[in-house]
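For reference, the chains in residue letters:
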Amino acid sequence: MRRHDGTRLPRAVAPAIAVLALAISACGSDGDPAAIPVSGGPASSETTRSTGTGADGVEVNAEDIAFDVDRIDVTAGEAVTLTFNNNDTGIPHNFHVEAGEVDAKTDIAPGPDTQTLEFTIDEAGSYTFICDVHPDMTGDLVAS
């Protein structure tokens, strides 16, 4: 990126300007906060959550730009009811998993927000779940 006089800006300045420009353009758009990418935050904890059967389900929280679990165990062929809580005030997140024919995801929404997602994974295997806004927020959903 160059200054008006034609000289180059320091490398650290160009990304900051790009983020600021994106944030300003989002303010003038339809107000969709998902248009503002945010990255970083601590790594998720080493926590596993398991679903039950039937009406039982699993809860996943997003906080400090991280999921509170890094692995979810489910039973292949059984319905999963997932409650996704975005506890990051003003920061957009979602929960998204692709598993064979299944493409299950919540809406991208700023926190605080709670959404429920129902899906069934028919094929046993390990599948990555992700926040579409923050690609460093990931974990494994294991169907067995």
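Undergrad: Any chance you could break down the environment of A62 for me, citing the residues and the numbers?
TA: Tracing the backbone shows A62 in strand β2 (residues 58-62). The exposure class assigned to A62 is buried, which follows from its relative accessible area of 0%. Distance from A62 to N85, taken between C-alpha atoms, is 6.2 Å for residues 23 residues apart in sequence. Excluding its chain neighbours within four sequence positions, the residues that come into contact with A62 are F84, N85, N86, N87, D88, H93 and M137.

Undergrad: Summarise the pairing of strand β11 (residues 138-143); cite the residues concerned and give the values.
TA: The sheet contact formed by strand β3 (residues 71-74) and β11 spans four bridges and is parallel. Note that in β11 the partner of I72 across the bridge is L141. Two strands pair when backbone bridges link them, and strand β10 (residues 125-130) and β11 are joined in this way by six bridges, in the antiparallel orientation. From the neighbouring strand, G125 faces β11, where its bridge partner is A143.

Undergrad: Give me the sheet that holds strand β9 (residues 113-120): which residues, what numbers.
TA: Spatially, the three strands line up as an open sheet ordered β2-β4-β9, and their pairing is mixed. Strands with a single pairing partner mark the edges of an open sheet, and in this sheet they are β2 and β9. Here the average twist between neighbouring strands, direction ignored, is 20 degrees. Note that strand β4 (residues 79-86) and β9 share eight bridges and pair antiparallel. Opposite F84, over in β9, you have Q115 as the bridge partner.

Undergrad: So what's going on with the pairing of β4? Residues and values would help.
TA: Bridge analysis of β2 against β4 gives five bridges, and the strand direction is parallel. Of the residues in β4, the one forming a bridge with V60 is F84.

Undergrad: An account of unusual backbone geometry is needed here, citing residue identities and associated values.
TA: Note the cis peptide between G111 and P112, where omega equals 0 degrees. Tracing the sequence through the fold places P112 in the loop between β8 (109-110) and β9. Non-glycine residue D64 carries a positive phi angle of around 55 degrees. If you trace the backbone, D64 turns up in the loop between β2 and β3. Positive phi, normally seen in glycine, also occurs at I65, with a value near 55 degrees. Looking at the element boundaries, I65 is found in the loop between β2 and β3.

Undergrad: For the pattern of salt bridges, give the residues involved together with the corresponding values.
TA: Tallied over the full model, the rule gives one salt bridge. The salt bridge partner of D73 is R71, with a shortest N-O separation of 2.8 Å. Judged by its relative accessible area of 35%, R71 falls in the partly exposed class.

Quick notes on the rules
- Going along each chain's sequence as written, the residues are numbered from 1 onward.
- Residues qualify for local features only when their pLDDT is at least 70, as the model is predicted, and side-chain atom pairs are given and counted only at 80 or more; totals for whole chains, interfaces and linings, by contrast, use all residues.
- For the side-chain quantities, the full set of heavy atoms in the structure was used; hydrogens and water were omitted.
- Labels follow the DSSP assignment, with helices taken as runs of H or I lasting at least four residues and strands as runs of E lasting at least two, numbered in each case from the N terminus.
- Under the scheme applied here, a residue whose accessible area is under 20% of the maximum for its type counts as buried, over 50% as exposed, and between as partly exposed, the area being computed with a 1.4 Å probe on protein chains only.
- Throughout, a residue-residue contact means that at least one pair of heavy atoms, one from each residue, lies within 4.5 Å.
- Two strands form a pair only when DSSP identifies at least two bridges running between them.
- Axis lines are fitted to C-alpha atoms, over the contacting stretch for helices. Their N-to-C directions set the angle, which ranges from 0 to 180 degrees.
- A pairing counts as a salt bridge when a side-chain nitrogen of Lys or Arg comes within 4 Å of a carboxyl oxygen of Asp or Glu.

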